[in-house]
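# Geometric and topological summary
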Amino acid sequence: MSRVPFSFELHPPRNERVAAELPSRIARLVAAGPDFVSVTYGAGGSSREASLDVLKHLIATHPRVRAMAHLTCVGSTFAQAGQTVREFLAAGVRSFLAVRGDPPADAPEGFAAGEIKTGAELVQLIHRIQSEYAPYRESAVPGLRARAVDPERREEVTIAVAAFPNGHPRSHSPSQDIDTLLAKQAAGANLAITQLFFHAEDYFRLVRRAREAGVEFPILPGIMPITSPARLHRMLELSGEDVPADLAVALEVEPTEEGRREIGIRHAADLARRLIEGGAPGIHLYTLNQHEAPLAVLERAGLIDAAVSG
Ligand code: FAD
């Protein structure tokens, strides 16, 4: 079987203890050979410095792995968002995940959503700035020491966007979700990563609808090993997904932490295997800055060797 690509999502550390542990966890994740590692970004720019620090660490310490920066636009002007994109490009970031971000939970009525209102508009902005910043590849000139700009070979950049197998909570219909993906494609996105979900059929339905409508970019399924009832409820709260009854019951009745961990890993690994068998182009793992459970999922799903996950 040819190698199935996989990738990881990290969060900027929330405290000094996590910050101190993160480099060794990143090293373990990177040793497994991910296609890219993405770093989330607090809506409204709340984690700007911390996100950039993790990205700089990835670029400096693990230069062979693609570092992908999430960026949000909610509450920001074109000038502010443009400045952030330039700052990230200057730090060496060449892959982005452009999302709108959500207004703060306590936002007052009439909260100013900012000038950039959708993920698609942020894609467009990143695209424009990126092509100004690093528009062309250079190639060696035969017989000379000089390098020439090759106008036919633009630097390949990734601009990923969010996709929602069970619909975005604010969306009015499944067709609105597909129209949103089409708008993101028209704006220049070339990859989508899904919200976490629990049933392979939800993902396959999204992909089927997207393809029928003309969405061409790969849609990577995002999955997370859920290893406790508390984490399950928190994730459902954040994502707006429905409680997967089988997993919820199994986690509730299992008395030991070790047993719950095993349930979460097995559930995510089964899902990953079914997704790959059904044609998913890879697996994106939400790690919550952990390495053991995500690596165990990849190993159980047959995507990496036991030696790497151990
Ligand atoms: P959009 O594409 O702009 O819109 C999403 C949907 O909402 C569409 O279906 C659209 O039609 C509908 N919609 C938009 N506005 C309205 C409206 N006013 N009324 C009705 N419907 C509307 N958030 C962060 O803050 N930081 C992150 O790092 C981050 N990373 C993420 C990574 C992934 C893979 C995913 C799936 C989500 C991530 N999010 C992150 C969450 C994301 O910001 C939210 O889900 C946000 O609500 C949607 O972002 P979007 O880019 O898909 O929005």
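Being a predicted model, the structure only gives us computed values, none of them experimental.

## A few points about the overall build of the chain
For the chain, the helix and strand inventory stands at 11 helices and 11 strands. At 20 Å, the chain has a C-alpha radius of gyration in line with the 19 Å of a compact globule built from 310 residues. By its C-alpha atoms, the chain is 65 × 50 × 45 Å across when sized along the principal axes. For the chain, the residues scored as buried account for 47% of the 310 residues in total. Contacts in the chain between residues at least 24 apart in sequence constitute 76% of all its contacts with a sequence separation of at least 6. Carbon and sulfur atoms form 51% of the exposed surface of the chain, whose accessible area is close to 15,400 Å².

## Section: helix H2 (residues 48-61)
Because an α-helix completes one turn every 3.6 residues, residues spaced three or four positions apart along the sequence face the same direction. Between its first and last C-alpha atoms H2 spans 20 Å; for 14 residues at 1.5 Å apiece the expected length is 20 Å, and the two agree. Residues of H2 that are buried sit in contact with strand S1 (6-10), helix H1 (16-31), strand S2 (36-39), strand S3 (66-72) and helix H3 (78-90).

## Topic: unusual backbone geometry
Phi is positive for Leu 288, which is not a glycine, with a value near 50 degrees. Classification of Leu 288 by relative accessible area gives partly exposed; the value is 21%. Backbone geometry at Asn 289 places phi at a positive 65 degrees, although glycine is not the residue there. For Asn 289, the position within the fold is in the loop between strand S11 (283-286) and helix H10 (292-300).

## Concerning the packing of helix H6 (residues 200-213) against helix H9 (residues 257-277)
In contact at an axis separation of 9 Å, H6 and H9 are set at 30 degrees when each is read in the N-to-C sense. When the axis of H6 is compared with that of H9, the two are roughly parallel. Crossing geometry of H6 relative to H9 is assigned as right-handed. Here H6 contributes Ala 200, Tyr 203 and Phe 204 to the contact with H9, which in turn contributes Leu 271, Arg 274 and Leu 275.

## A look at the site of the ligand
Within the structure, the ligand sits among 26 residues, and Tyr 41, Arg 100, Asp 102, His 168 and Gln 176 are positioned closest to it. A distance of 2.9 Å separates an oxygen atom of the ligand from a polar atom in the side chain of His 70. Contact between the ligand and Arg 100: an oxygen atom at 2.8 Å from a main-chain N or O atom of the residue. Taken by itself the ligand offers 990 Å² of open surface, and the protein chains cover 84% of this. For the shell around the ligand, the elements supplying multiple residues, two or more each, are S3, strand S4 (95-99), helix H5 (174-187) and strand S8 (191-194). Among the elements that line the shell around the ligand, the one with the most residues is H5, at 4 residues. By residue class, the composition of the shell around the ligand is 8 nonpolar, 13 polar and 5 charged.

Reading the values: the criteria
- Residues numbered from 1 in each chain as written.
- Predicted model: local features only at pLDDT ≥ 70, side-chain atom pairs only at ≥ 80, totals over all residues.
- Heavy atoms only, no water.
- Helix = DSSP H or I, 4+ residues; strand = E, 2+ residues; numbered from the N terminus.
- Rg over C-alpha atoms; globule rule 2.2 N^0.38 Å.
- Buried < 20%, exposed > 50% of the residue type's maximum accessible area, 1.4 Å probe, protein only.
- Contact = heavy atoms within 4.5 Å.
- Areas by Shrake-Rupley, 256 points an atom, 1.4 Å probe, with all protein chains shown as cover.
- Expected span 1.5 Å × (residues − 1).
- Axes fitted to C-alpha atoms, helices over the stretch in contact; angles between N-to-C directions.
- Parallel < 35°, antiparallel > 145°, perpendicular 65-115°, else oblique.
- Left-handed = near helix turned anticlockwise from the far one by under 90°.
- Near = heavy atom within 4 Å.
- Polar contact = N/O pair within 3.5 Å; in protein donor to acceptor, adjacent residues only side chain to side chain.
- Nonpolar A, V, L, I, M, F, W, Y, C, P; charged D, E, K, R; others polar.

These results come straight from atomic positions and should not be treated as a statement about function.
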